[in-house]
Each structure stands twice: as structure tokens, then as C-alpha cells.
Amino acid sequence: MQITFDQVSHLYGKGTPFERLALKNISLKIPSGAFVGIIGQTGSGKSTLIQHLNGLLSPTSGEITIGDVVITPTKRIPPAKRKDIGLVFQYPEHQLFEETVAKDVCFGPLNFELPESMAESRAREALELVGLDYEAIKDRSPFQLSGGQMRRVAIAGVLAMQPKVLVLDEPTAGLDPAGRKAILEGIHRIHREQNLTTLLVTHSMEEAARYADLMLVLAGGEVVMQGRPEEVFQQADRLRDLSLDVPQTVSFISRINQLLPDTARLPATLYREEELIAHVLKRLSVPKEC
Amino acid sequence: MNEENLLTFRNVAFSYDGEEGQRVEVLKGVDLTIAKGSFVSVLGHNGSGKSTLAKLMNALLLPESGTILVSGADTRNGEMIWEIRRHVGMVFQNPDNQIVGATVEDDVAFGLENMGVDPQEMRKRIDEALHSVGMENYTLAQPYRLSGGQKQRVAIAGIMAMRPSVIILDEATAMLDPQGRQEVMHLAKKLNREEGITIVNITHFPEEAVDSDRVIVMNRGEVLMDGQPGEVFSQVERLQEAGLDVPFTVRVRHELVAKGYDLPFGLHQEELVEHLCRLLLTK
């Protein structure tokens, strides 16, 4: 689903001493099927932005279009359309509550009045999508699982709604490297297979570099940069001014290029680690002409 | 009190009751000592026993068997428990779960009030503690308005005011943005160097461990590796098998060496940059 924001602002605590403009005149366009990396410092407006997508927050001014649905300050997203937008909050495992994993994952579909048999098949599918064995896990208590498993069950609960837009707020925070990779690879696979539009909020420039094909950089409630990852990561100084960082691949290449003669420089677009290594190996294996 | 080894684990085991009544072993006979003034990083997959290890260090948990000594005091000695907790401060993952005060200075005062410290002395310690974490200009700020990194620094100030020997960071940077992470790591290094505070940093980020004196790797409740960062991170495959990662520089070098290129081992980007440039230019 294509998502557009047209001059969207959001004011918290309007008319109170705590009034704060959390989003300032945001305009952006996300094509259907994009994998978007959203980065920005704590307090930059990332979470406020994504809560506008499924009607948890309404814009104070401006207009949001998701597919054919238009959201304005007075027009909320129709309830039936909310299931199209799956929102995975930070630490989603804190929201697990049912007695068994299967019941927890079925909760959403049942709530949208799907028949029980269909809800169950959705739960099975969703749990398998996140790499869990349905038969082995369905009757277990979600609270007896490991942190990584709980996180996956919570994500499955959102996937069981079969959303068309998947929004994830730091889905890997607190997980070990193997767990981070498993979750993100899974999300990326689902994104491709189901042709979702995916928004990933992350503090990790490495994760953004690896998965995103479009980047949004937020600062002080505004979108200050947007574009393809290679365009955004080229502006290392600007990102650092925003208290952000570039992936290690990018700082590594820029350091190497400072030491190499102009003709031997590495392309600055190799921000994915495998591509960087493959390029270096290729360069090393080809005998130099000069 | 024993000055050399601040923390001693002797054959420490810990387990809890699982779902079907079975015992789940979290730590299986761990032996280790942590020297006063050192900066130790602890790595390990989720469920490897890292956090249990931390909670045993200040008697939040007690060992099922074996002994834990903090400056010579057994953590099972109920009379010593407050003294032990004052010595061993802990910073947790979520900054919002550990702030109790309505203002920054109230928050830092919390522990001191519990200890019944004299008000004048309290004032002095709060100012010193906030100064040591670089938050002296935020004395009356409301904690909820601070950034994640600043909140963690306030939590560390609360510990510093108690005059601790050890600060344990239990994934204290996991929820922070890059700047917040840098602030906290920078502060931990400074307190270690300038104030002689022993730091135990439990983390999933291998980069944070590169400048430690020592790296301990936990795997399934046991100490898998224990040594200087260079010794530990040079064993790339072994770490990856344990579900862990190595610093970027080590990973890139590993891939190139696997293809037969000759690059010396190094933990810092600058070393790899230099050697790789040489290799690229002489090719």
C-alpha cells in the first residue's frame, strides 16, 4: 500500500502547559512494497509518526493517505481497515497475556470476528512465518518462553491479522546477535513473499543498511533526510550532527578512501557488508594493470 | 576486606523451576574472580546466564550452591546484604524502570535517604555524583524529559552517590540511540579510569567490549571463554557457534583471511584500514 503524509503535524497536550509539537509539517511518500528504515534520535518523533498509521493518534493538521484510506484531523481510519496495518510496538512481548501461545496469536483474528477454525489456521501460518513450530509451541504458556521466542510470538500475533503494511518499532532491542538476525531475516522474507510495505524503526544503522531500500531520517519532529540508503549514508557529517551515525561499512570505506589514490578508491555505495567484502575480494584477485 | 579480588564466584550453580516442574539450569558451576579496578565485559546469547550472573553479584539472587564473595563477604550473609548492595550498583536495560524521583537530584538522593545519610553530606554527595556523570546542569530537571542516555547517566549518578566499588551495566545500552550508547560507554570508561570503579558491562554489542581489560563469554550457563579482547575475538567461529558476533573489523578481516589474504589481526578499524590499503596498493 502506498503511504503519503501531506503536511502532517501533531501537537501533544494542546492548550496545556505541556503543549509540544511532536511532528512538524511532515510530507513524505512511501511507495507500495518499500522496506523503509526510519532512524532518528530518541524524541525525534519516530514513534509519534508510526502511531498515526493505524489510528492510535490523529494528525492535528494535514492529511495521511494509506492505500485508498484518507486520514485527517476529523476523519479516522475505518475500523475494518485497521487490520491492514500491523503495528509491532517496542518490547511487544510485554503485551502477551493469554494462557497459551495459540490463544494469544488468535486473539486479533477472533477480535475481528473471524471463525475459530480460520483464526487457528492463521495462527499456525503466522507462527511458522516467524520460524516457530506450531505443534510444539501452541499449547505452551507464552510466559515460559525465552525472550527471543516471546518476541516472535508477539510478532506472529500481528502477522495473523494479515496486514498489508507492517510497522515495527525496534523489533530487535535487547536480543542477542543470532536472535536479531533471525527476526530480521524472517521479517524481510515475509515482506518479500507477501509483498508488504514495511516500516522499520531502528537505532541500528547496520540494520537499516542491510534491509531498507528507502530511508527516513527524523530530527526534532521533522523529516530531515529521505532517500535511498546510499544517498543518506553519503552525508555522514550531517548524520553525526543529528547525533546519529553511519554504518561501520560507510565509515570504513571513507577512511580507506582517504588513504588511497583517487583512481583506486572504493565505491561509497557498498554500505552492505557482503557487498563490501565481495568488492574487496574482487579487487584483490584482479592483477593491477598499472 | 580482600582488596585484590572484588568479586569471587566459587562453583556457583543456579536454576529455577521450569514449566513442567523440571529444573532449568541457568548457571552450572561457575568459577571466576573479578579484580578490583578492572573493566570486564560479559557477552553471551539470550539465556546464557549473563543476567543471572549479574543479579548474583549483588545478592538480588542467591546461589543454589557454591559461594559468591563480594570483597570477602558472602552474599548469603543476611547481615551484609545492604553493605554488599551499596558496594555493587546495577544499571538495568530500561531507563524508565529505574527512575523514581520527580527531579534528577531527588532521584540521586533516593538511595542516600534510605541509608539515612546526613542532609549536608547528602547535598555534597549528590553534587559530586551528578558532576561525575556530567549531569550537574540538570539538578532540578524532570527525569522524564531527559534522553535515554541522560536517564542512564542519572541512574549511574544514583549509584555513584552511594560510593560503590563496582558498577554492573546489565545491557544498559540496549534501548539507547547511538549517541546515548556512546555517552554511557564513555562515562563507564571514565569512572573506571579516573575513579577506579570496577565495571562489569553485560552487553550484546561486541564493539563495546573491544577496549575492556577482559572479556568473559557465557554459553549455556558456563564460562565458554575468558581472556583479553584480542584472545577472545580472534576465535570468530567459536563465538559465532555460540550465537554471538565479533566486531566489524574482526569480521571483515576473517572473511578476507579465509580467502587466503594475509592480514594481521586487529581489533580497531584503523589497523585494518592501514593493512588493507597496503594490500590493495601492492596488488
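Please read all numbers here as calculations on a predicted model, not as lab measurements. (Residues numbered from 1 in each chain as written. Chains lettered and ligands numbered in written order. Predicted model: local features only at pLDDT ≥ 70, side-chain atom pairs only at ≥ 80, totals over all residues.)

J.: Tell me about the interface of chain B and chain A, residues and numbers included.
T.: Counting residues at the interface gives 32 residues for chain B, matched by 33 residues for chain A. Counting residues per element, the side of chain B that touches chain A draws most heavily on helix H11 (residues 269-282) of chain B, which supplies 7 residues. Considered class by class, the residues forming the side of chain B that touches chain A number 14 nonpolar, 11 polar and 7 charged. (Contact = placed C-beta atoms within 7 Å. Helix = DSSP H or I, 4+ residues; strand = E, 2+ residues; numbered from the N terminus. Nonpolar A, V, L, I, M, F, W, Y, C, P; charged D, E, K, R; others polar.)

J.: Describe the sheet that holds strand E5 (residues 69-71) of chain A, with residues and values.
T.: Residues and elements named next belong to chain A. Strand order in the open sheet formed by 4 strands is E2-E1-E4-E5, and the pairing between neighbours is antiparallel. A single partner strand is all that each edge strand has here, and the edge strands are strand E2 (20-30) and E5. The average undirected angle you get between the axes of adjacent strands in this sheet is 20°. Where strand E1 (residues 3-12) lies against strand E4 (residues 61-66), 5 bridges are found, and the strand directions are antiparallel. (Pairing = 2+ DSSP bridges. Axes fitted to C-alpha atoms, helices over the stretch in contact; angles between N-to-C directions.)

J.: Explain helix H10 (residues 248-258) of chain B to me, and be specific about the residues and the numbers.
T.: Taken residue by residue, H10 of chain B has Thr249, Val250, Val252, Arg253 and Leu256 of chain B as its buried positions. All buried residues of H10 of chain B project into a common sector of 165° when viewed along the axis, lining one side. Here the buried face of H10 of chain B lies against helix H12 (273-285) of chain A together with helix H8 (229-233), helix H9 (236-241) and H11 of chain B. Just beyond H10 of chain B, the residue with positive phi is Gly260 of chain B, at close to 95°. (Buried ≥ 20, exposed ≤ 12 C-beta atoms within 10 Å, placed from the backbone. Arc of directions from axis to C-beta.)

J.: Residues and numbers for the UniProt feature "domain: ABC transporter" (unreviewed entry) in chain A, please.
T.: In the numbering adopted here, UniProt assigns the feature "domain: ABC transporter" (unreviewed entry) to residues 3-245 of chain A. End-to-end, the C-alpha atoms of residues 3-245 of chain A are 27 Å apart, and along that stretch the chain is 36% helix and 26% strand. (UniProt positions renumbered as here; feature names shortened; annotations may be inferred.)

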